[in-house]
Amino acid sequence: MTKKTIIIDSYECNGCGSCVEICPEVFAMDDDGEKAILVDPDAEVTEKVREAAAYCPQKCIEFD
Ligand code: SF4
């Protein structure tokens, strides 16, 4: 199985911060506090990451 990459659709992100709250190891807010970014672009897709994606109101966290 190939490793999945985490992708945030910054256009759709509304900056709610939910992903950061659920999984701060992987997600953070950008300097303006408006969009989610990845702390580590190579981070593994853990259960927490999947949970963050499931709770994202914009459904803008994806795996490729
Ligand atoms: S949960 Fe989704 S909409 Fe909210 S900050 Fe994270 S990526 Fe953006």
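Residues numbered from 1 in each chain as written. Predicted model: local features only at pLDDT ≥ 70, side-chain atom pairs only at ≥ 80, totals over all residues. Heavy atoms only, no water.

**Quick word on the environment of C13**
Phase 1 of the analysis: Topologically, C13 is positioned in the loop between β1 (6-8) and α1 (18-22).
Phase 2 of the analysis: Along the sequence, C13 and I37 sit 24 residues apart, while their C-alpha atoms lie 9.8 Å from each other.
Phase 3 of the analysis: Discounting chain neighbours no more than four positions away, the residues touching C13 are E34, K35, A36, Q58 and C60. (Helix = DSSP H or I, 4+ residues; strand = E, 2+ residues; numbered from the N terminus. Contact = heavy atoms within 4.5 Å.)

**Topic: the nonpolar core**
When a protein is soluble and globular, its nonpolar side chains tend to lie buried together.
Phase 1 of the analysis: Of all hydrophobic cores here, the largest spans 17 residues; its most connected members are I6, C23, V26, F27, V49 and I61.
Phase 2 of the analysis: For this core, the secondary-structure elements that each account for two or more residues are β1, α1 and α2 (47-55).
Phase 3 of the analysis: Element by element, the count of residues in this core is highest for α2, at three residues.
Phase 4 of the analysis: Dropping the residues within four chain positions of it, I61 is found in contact with I6, I7, C19, F27, A52, A53 and C56. (Core = buried A, V, L, I, M, F, W, Y, C linked by side-chain atoms within 4.5 Å. Buried < 20%, exposed > 50% of the residue type's maximum accessible area, 1.4 Å probe, protein only.)

**Brief notes about the site of the ligand**
Phase 1 of the analysis: Around the ligand, 13 residues are found, and the nearest of them are C13, N14, C16, C19 and C56.
Phase 2 of the analysis: Among the cavities detected, the one that contains the ligand is the largest cavity.
Phase 3 of the analysis: For the shell around the ligand, the class distribution of residues is eight nonpolar, five polar and no charged. (Near = heavy atom within 4 Å. 1 Å grid on protein atoms, 1.4 Å probe; cavity = no way out; pocket = protein on both sides within 12 Å on 5 of 7 lines; lining within 4 Å. Sits in = over half its atoms within 2 Å of the grid points. Nonpolar A, V, L, I, M, F, W, Y, C, P; charged D, E, K, R; others polar.)

**What about empty space enclosed by the protein?**
Phase 1 of the analysis: One pass over the full model with this rule turns up one cavity of 30 Å³ or more.
Phase 2 of the analysis: Its volume calculated, the largest cavity comes out at about 80 Å³.
Phase 3 of the analysis: C13, C16, C19, C56 and C60 are, among the 14 residues lining the largest cavity, the residues nearest its centre.
Phase 4 of the analysis: In terms of residue class, the lining of the largest cavity is built from ten nonpolar, four polar and no charged. (Points joined across faces, edges and corners; volume = space filled by probe spheres on them.)

**A look at a negative patch on the surface**
Phase 1 of the analysis: Negative charge collects at one region of the surface, where D9, E12, E62 and D64 lie side by side.
Phase 2 of the analysis: The topology assignment puts D64 in the segment after β4 (61-63). (Patch = residues over 30% accessible without salt bridge, like charges linked within 9 Å, V, L, I, M, F, W, Y side chains within 5 Å. Areas by Shrake-Rupley, 256 points an atom, 1.4 Å probe, with all protein chains shown as cover. Salt bridge = Lys/Arg side-chain N within 4 Å of Asp/Glu carboxyl O. Lys, Arg positive; Asp, Glu negative; His and termini not counted. Charge placed at Lys NZ, Arg CZ, Asp CG, Glu CD.)

**Side note on the packing of aromatic side chains**
Phase 1 of the analysis: Tallied over the full model, the rule gives zero aromatic pairs.
Phase 2 of the analysis: For R50, the ring lying beneath its charged end belongs to F63, and the centroid distance is 5.1 Å. (Phe/Tyr/Trp six-rings, centres within 6.5 Å; stacked < 30°, edge-to-face > 60°. Lys NZ or Arg CZ within 6 Å of the ring centre and 35° of its normal.)

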